[in-house]
Amino acid sequence: MVAVYYGDGADEENRLFSEAVIRDPENWVAHMHRLTGLSEKYNGSHDSMFEFAYESAAKAAPGSLLPVLLTKAHSEYWKYQYKFDQNEEEAARYLHSPHPREVTIEAYNQSLANFGYEPRHAVFARINAAGWFWLVKEREPLRRELELLNGSICDDHWKWVGTWGDLDKAKEFSGAA
C-alpha cells in the first residue's frame, strides 16, 4: 500500500508486492493495492490493471478471494471513466455491457458466493463486490454481501468504491435494509 500511494516507482512497487506475496500468496489486500498501483489513475494503464487481475484470478487456489480482483478492476475502469475522464455516457454504457457483468458474476461464484471466509480477511473484497453489484444492479449478490457486511460498512467505505453515499439506497434496493 505504501509503495502505491507514495509513488516510489515501479521497481519499489514490484519489490514490496513480491515480498507480500512470498509471505502470503493469496493475500487479497496486497493484490488489491498492486492492482490499484497498476491502474491508469496511478500512471499505469487499464491494460496492465486488467492483465494483472486476470492473471491473478487464473492462478488463484480454489476458494481464494483473488477472483474478486476482476470485480475491482472492472469497478476501477468504470470509476475512471466516470470520475476522472468525466465521461458519464461511456461509464453508463460500461455498466450495461454484458462482458463486465458476466466476468464479475463468474468471479463472485468462484469466491465469495461459494466459500466461507473469516470476516476480517474478506471485508475489503466484500465491500468492493457489494459496490460493484450496486452499480450494475445485481440484487441477490448485493443483498448477500450487504448482509454479511452488516456493521462493517458505512458510507465512507461506499465512497471508496465509487458509489458516493448511496449505501441506504443499495440496502433498500437489495432487501438488506
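Computed from a prediction, not measured in an experiment: that's the story for all the values here. (Residues numbered from 1 in each chain as written. Predicted model: local features only at pLDDT ≥ 70, side-chain atom pairs only at ≥ 80, totals over all residues. Heavy atoms only, no water.)

Chemist: Where do I start with the overall build of the protein chain in this structure?
Modeler: Helix and strand content of the protein chain: 11 helices and 0 strands. Counting from the amino terminus, helix and strand elements in the protein chain follow one another as α-α-α-α-α-α-α-α-α-α-α. Taken over the C-alpha trace, the protein chain has a radius of gyration of 15 Å; the compact-globule value for 177 residues is 16 Å, and the two agree within 12%. On the principal axes, the C-alpha backbone points of the protein chain span a range of 45 × 40 × 30 Å. Taking all 177 residues of the protein chain together, the buried fraction comes to 48%. Counting contacts in the protein chain only where the partners sit at least 6 residues apart, residues at least 24 apart contribute 63% of the total. Taken as a whole, the protein chain presents about 9200 Å² of accessible surface, with 50% of it coming from carbon and sulfur. The positive charge centre, built from 19 side chains, and the negative charge centre, built from 28, are 5 Å apart in the protein chain. (Helix = DSSP H or I, 4+ residues; strand = E, 2+ residues; numbered from the N terminus. Rg over C-alpha atoms; globule rule 2.2 N^0.38 Å. Buried < 20%, exposed > 50% of the residue type's maximum accessible area, 1.4 Å probe, protein only. Contact = heavy atoms within 4.5 Å. Areas by Shrake-Rupley, 256 points an atom, 1.4 Å probe, with all protein chains shown as cover. Lys, Arg positive; Asp, Glu negative; His and termini not counted. Charge placed at Lys NZ, Arg CZ, Asp CG, Glu CD.)

Chemist: Quick question: what am I supposed to make of the packing of helix α9 (residues 139-148) against helix α11 (residues 167-174) here?
Modeler: Between two packed helices, both the angle of their axes relative to each other and the distance between the axes serve to describe the pair. In the contact formed by α9 and α11, the axes pass within 9 Å of each other and the chain directions differ by 115 degrees. Crossing angle aside, the handedness with which α9 passes α11 is left-handed. For the pair α9 and α11, contact is made by R139, L142, R143 and L146 and by L167, A170, K171, F173 and S174, respectively. In the contact of α9 with α11, the residues fall into 5 nonpolar, 1 polar and 3 charged. (Axes fitted to C-alpha atoms, helices over the stretch in contact; angles between N-to-C directions. Left-handed = near helix turned anticlockwise from the far one by under 90°. Nonpolar A, V, L, I, M, F, W, Y, C, P; charged D, E, K, R; others polar.)

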